[in-house]
Each structure stands twice: as C-alpha cells, then as structure tokens.
Amino acid sequence: MKNHLLIIVFLVIGLLACRTEEPTTPSLPNIVILITDDQGYGDLSCHGNPILKTPNLDKLHAESVRFTDFHVGTTCAPSRASLMTGQYCNKVGAWHTINGREMVWPDEVLLPELLKKAGYTTGMFGKWHLGDAYPYRPQDRGFDEVLVHGGGGVGQTPDYWNNDYFDDTYFHNGVPEKKEGYCTDVWFDAALSFMEENKDKPFFSYLSTNAPHGPFYVDTLYSKVYEETDGVVNANFYGMIANIDENLGKLRAKLTEWGVADNTIMIFLTDNGTAAGCQLDKAGQVTKGYNAGMRGKKGSEYEGGHRVPLFIHWKDGKVFGGKDIDRLAGVFDLVPTLMDWVGVENTDNLDWDGTSLRPLIEDEEQSERILFADTQRKQDLEKYRRFSVMTEAWRLVNDKLYDIQKDPGQEEDIADAHPEVVEKLKGAYEDWWKKISARAGDYCYFPVGKEVGERQTLTEHDLLTNDNPVAWNQGHIRAGKGTQGYWPVQVETAGKYRFGLRRWPAESGLKILEAAPEGDEIPQGKAYKAGEALSFKAANISIAGQEAETLIHPDSAVVHFTLELSPGQYQLSANFIDTTERASSCYYVYAERLD
C-alpha cells in the first residue's frame, strides 16, 4: 500500500513538473510614447546637429528602428489628434490649436480606450491639447491616471493661473494639485511613479512634454552652454531639449532596473517641425541654426514643418538594432501598428487612415502610398490651404512640384516638366479632401447641466470668433486683449442654470476691475508683466433666445446670471462692456445647473 502511495505521489509531482515546463503565453508589452513639443527633425545630435548634445536620444536612436520619412501635422493639436485616433486631424475635428478646433469629436475612439479593452492600465502626463473641458479631457477619453497642464502650453488661458514652468499647479485627474520642480521633471517623475506602480501588469504611459514649446523657460544649468556657442538661435530652446534628454536617460534606466525594458515598446517622436532651432529667410531656407537640410519649420507645409523623428525600440518584439526605414509613413500609422502588436482587432470598423508599420519593420513589401499634410490654423476648414501631397518620389506643395529624392531642400519647382504627376497628385488631394471634410461644419459642443452642481469651465481659448484673434494665453489676458464670439453649448437637462462671468480665473482671487500683479521670478526674469485694469462697467449674456445685462459692482470678482433653460444646442455669448460701450467676451465662464 505504501509503495502504491509513493508511486502516486511521484506521478503527481512529475505531472506538476511537466506543467511548469509548458510554454506560457507571452505577456502583453508595455507601451511608452514620448512625444516632445516643437522639437524638429534636426534638433538632435544623432541627426547631424553640430551644436546640440542629446546623448540619451542618440542612444535610443542607435538601438531603435528609425523611420526617416515620417510625417505629422504642422502644429501641436493636429498631430496629437492623429496620434490618438489613427486618422487625419481634419477628419476628427482638430485642425487648429485654439477656437475649439483642437478637440476631437466626442464619438471618436481613442488609443487609450482601445488599449484598456486589451487589459492595459493607462496614464497620461504633460500636454494633452485636445480639450480642457468635459468630455474632451484625457480622463474622459480612456486614461486612468492623468497629470496635465491646460491648453496647448504652460501659461495658456485654460492652464492654472500664474503657472510658469517652475513649482506650478497642474490638474491631477481633474483636480488642481501643487507640484514642486520644473515642468518636464514633474511629467517624467509622475510617469515613472505610474509605471513603477503598474510594472507587474501591462501599462501604457503617454508622456507628452510641453517643452521645448515657448515660452522658453529653463534652468540655466541646461542653457548656459548654448548661450556661449556661435550659431545658436535660442539657447533656452536647446536647454529645454537637453533637460528632456536627461530625463529620458533616467526613464530608460528605471525600466531596466525594474526588469521591464525588454518587453516595453518605446516610441519617440515629435509633434511638428522645429520652432526655434533655426532662422529662415522669406523662402523658408535656413540662414542660421540647423534644420537637417529641410525647407520650412513649425507651421509650414514644406518638409521642415511636418517631417519628424520616429524611433521604435522593443527588444522582445525584435524591433531594435539601429535600422533605418526610408518608406513614407505618418503619425496616424501608430494606432494600427500598436493594435497589430498587441493583438487587438478593429472589430468596430474604426475608419483609420493609417496602416500598420509592422510589415515594413519585418522587411515585407508595401505598395506605394500617398499621404497628405496641411496647415489650417483657422476656425473653419479651407480647401487648398497650404497643403502638401506626398509620395516617396514627389512632393506637391500647393501648386509647386519637387523631386524629393533629388531635391530634399525643395528649392526647384519642376511642375511644368511633369504635368502628369501634378494631375495625379491633385486628383489624390480631391479624393482626400472629400473624405476628411465630411464633418467640417460640425462643432464640439460643451455639455452643461448633466448633474446638479457639476461646473463646466469655458475660456476664451475655445471661443468661436470667425478667426478674430482670441486671448489664448495668460499674457493676452493680462494685457486686456480679446474679441467677441460665442461658445457652442449643449444644455443637457431642463432647469435653472447659473453662469459666472470673470475676467480673471476663480483661482486668482482677483476682482474684475483689479490689475493682476506681475508674475514670479524665474531664471529668465519675471514670468509675467503686471496685468492692466480695464474699465468695465457692465456685463451681458445671451443664450437660447434669452438676453440679460447687469452693472458690475467695483468689488465683484464674478458676475452671475441665472436663467431657465430647456435641453438643446445653443450659442452662448457672454461679454463685458467698458465705459466706451465696447463689448468683448469675458475670458472665463463657469456654468452649472442649480436644480
């Protein structure tokens, strides 16, 4: 009997041993996307910059698969919209950076939402720039953990008042929270904390720095060396990149320390061409600085406006080794690429404009593509506005044609010599425009009144003005700049609504007729000039066919209007009137349902 028991025990042990030796399903890779702001293709030493030193970016470049003909939008929000949706920015509502045209249609499905379905924990740190109000915020679009500034940069109108890159208050899961340190350091530290907390399960960390976007503020520890170097256009701009580079080195070291580096997809890209790495003449050619031989910079339809770096490193996925891929690719390709790698099928038939880059990375052939870029920077889409049609051989820029292989600087227009190419590319543009402009007349509405007491904040940054300049940053507000316009508002529930009109944001503690004090001292001097006191005497509001006006009390910080509203979509206009009877939209409106 004992022998039989021993045999059974040994058999069980053997079976268990066999089970432990069975191959296990590989775990999902972690994903880290690092996107920097206004850093161009030439703003890295590995791309030939003779002055700027970026040792950690150079190391990532040396170890990665690099796409050398990779394109994004020509400005901030458009690139981010494509990165998050896998589609052209014009198609999803985000073709500008202000005027409410930086937000993605609320019915679009974004990358973090797709990854959450696959089992990922998601975090976002830094610059969002796809909406600051519900339902457009990152925490509304699939991110579990969020730490961001407001608007398109620190110190813009939706950002917390008086932020200046140092010891600022940022929005942590929607709640203002004071942080110590330089903004870029804060973003990296928060991302690292998130990744360490989730290192034992698949995570997606979207690290989107506002640097090196202006204003160009940084500790002189990073910029001083460039102040003493000939040929530098903006020493602080280079210093901001040097700080990013240092943080990247720390991040990669931590991933290695935690034992997750090999199974982490590390992606580095930038959002548009350089903002301050070079100076250009009227033709867009470099007169000072470095631009990797390209014409144009941020905002340009020429190469220098939208051709940027893309480095991808994933050792366990055999995506490494310092290989260049010179095939044409775009930022909207990253969503289908990541979905391909993590095994998420497009079961909802999302209308991605991108295609998976996996075949190119695995040395498979791919048919010729035609890609598009344009610079809108207008409230409403405009056909034929500052566009580029791209193939691997050609660039049609407006009405000019360039052989991009022979003429990478886009200096010689050869349209007259190749009319058949021009006709083909113009035809492709017509087809593209028809597709991406289908919803051009839609607007991203701001819902109010979904819950009692839930406050919606509207700022002049998102005012619709028919392209009249808005006060999109806090310097504009201090100087009293602005215009008239309206916000598209969706009243969710019938009831009594209160609208609070302010010149200064609620957190400032300032009265409407007060002047704002100057900003704090930073390494580059005072962050803000003192704000001007304006001679407002009255305020008015108009919505849903109702109008109201009242005088402003000298001690008022806010003017309130209470109105009964029915559900529906409306235009909300809210203005201050000065002693000359000039009306201008108030800078901040706080709306809530009372009952």
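Above this text you will find the structure in question.
Because the structure is a prediction, the values reported are computed rather than measured. (Residues numbered from 1 in each chain as written. Predicted model: local features only at pLDDT ≥ 70, side-chain atom pairs only at ≥ 80, totals over all residues. Heavy atoms only, no water.)

What is the right way to read the overall build of the chain from this model?
Assigned secondary structure in the chain consists of 12 helices and 31 strands. Here the C-alpha radius of gyration of the chain, 26 Å, is about what a compact globule of 595 residues would show, namely 25 Å. Based on the C-alpha atoms only, the size of the chain along its principal axes is roughly 95 × 85 × 50 Å. Buried positions account for 58% of the 595 residues belonging to the chain. (Helix = DSSP H or I, 4+ residues; strand = E, 2+ residues; numbered from the N terminus. Rg over C-alpha atoms; globule rule 2.2 N^0.38 Å. Buried < 20%, exposed > 50% of the residue type's maximum accessible area, 1.4 Å probe, protein only.)

Just checking my understanding: could you explain the sheet that holds strand S17 (residues 387-390) for this structure?
In a beta sheet, neighbouring strands pair by backbone hydrogen bonds and run either parallel or antiparallel. Within the open sheet, the 4 strands sit side by side as S16-S17-S18-S19. Their pairing is antiparallel. Taken across any chain shown, the strands that pair with only one partner, and hence form the sheet edges, are strand S16 (371-374) and strand S19 (400-403). Direction aside, the axes of adjacent strands within the sheet are offset by 20° on average. Pairing of S17 with strand S18 (residues 394-397), which is carried by 3 bridges, proceeds in the antiparallel orientation. Bridge pairing links Val 389 to Leu 396 in S18. (Pairing = 2+ DSSP bridges. Axes fitted to C-alpha atoms, helices over the stretch in contact; angles between N-to-C directions.)

How should the packing of helix H2 (residues 55-63) against helix H7 (residues 235-257) be read in this particular structure?
Two packed helices can be described by the angle between their axes and the distance between those axes. One can describe the packing of H2 onto H7 by two numbers: an axis separation of 7 Å at closest approach and a directional angle of 55°. Classified by the interaxial angle, the pair formed by H2 and H7 is oblique. Judged by residue contacts, Pro 55, Asn 56, Leu 57, Lys 59, Leu 60 and Glu 63 of H2 engage Asp 245, Glu 246, Leu 248, Gly 249 and Arg 252 from H7. Grouping the amino acids of the contact of H2 with H7 by side-chain chemistry returns 4 nonpolar, 2 polar and 5 charged. (Parallel < 35°, antiparallel > 145°, perpendicular 65-115°, else oblique. Contact = heavy atoms within 4.5 Å. Nonpolar A, V, L, I, M, F, W, Y, C, P; charged D, E, K, R; others polar.)

Sorry if this is basic, but what is going on with the nonpolar core here?
Soluble globular proteins: nonpolar side chains tend toward being buried together. Membership of the largest hydrophobic core comes to 110 residues, with the highest contact counts inside it found for Ile 33, Phe 67, Phe 70, Tyr 206, Leu 269 and Phe 499. A total of 8 residues in this core trace back to one element, the largest contributor, which is helix H11 (residues 419-436). Not counting residues within four places of it along the chain, the set of residues in contact with Tyr 206 comprises Ile 33, Ile 35, Arg 80, Leu 83, Met 84, Gly 123, Met 124, Phe 125, Trp 128 and Phe 143. Among the nonpolar cores identified, the runner-up in size contains 42 residues, and Phe 166, Phe 188, Val 260 and Phe 311 belong to it. (Core = buried A, V, L, I, M, F, W, Y, C linked by side-chain atoms within 4.5 Å.)

Explanation requested: the packing of aromatic side chains in the structure shown.
How two aromatic rings sit relative to each other is set out by the distance from centre to centre and by the angle between their planes. A complete count under the given rule lists 30 aromatic pairs for this structure. Seen in terms of ring centroids, Tyr 170 and Trp 187 are 4.4 Å apart; in terms of plane orientation they differ by 45°. Their pairing is tilted. On the criterion of sequence distance, the pair formed by Tyr 170 in strand S6 (residues 169-172) and Trp 187 in helix H5 (residues 183-197) is long-range, its members being 17 residues apart. Residue Tyr 170 is classed as buried on the basis of its relative accessible area, which comes to 0%. Accessibility expressed as a relative area gives 0% for Trp 187, which makes it buried. Here Phe 268 and Phe 311 contribute two aromatic rings whose centre-to-centre distance is 5.4 Å and whose plane-to-plane angle is 40°, an arrangement assigned as tilted. With Phe 268 in strand S9 (residues 264-270) and Phe 311 in strand S13 (residues 310-313), the pair connects residues that are 43 residues apart, well separated along the chain. Members of the aromatic cluster, joined through ring pairs, are Tyr 88, Phe 332, Phe 372, Tyr 384, Phe 387, Tyr 429, Trp 432 and Trp 433. A cation sits over an aromatic face here: Arg 307 above Tyr 41, 4.1 Å from the ring centre. (Phe/Tyr/Trp six-rings, centres within 6.5 Å; stacked < 30°, edge-to-face > 60°. Lys NZ or Arg CZ within 6 Å of the ring centre and 35° of its normal.)

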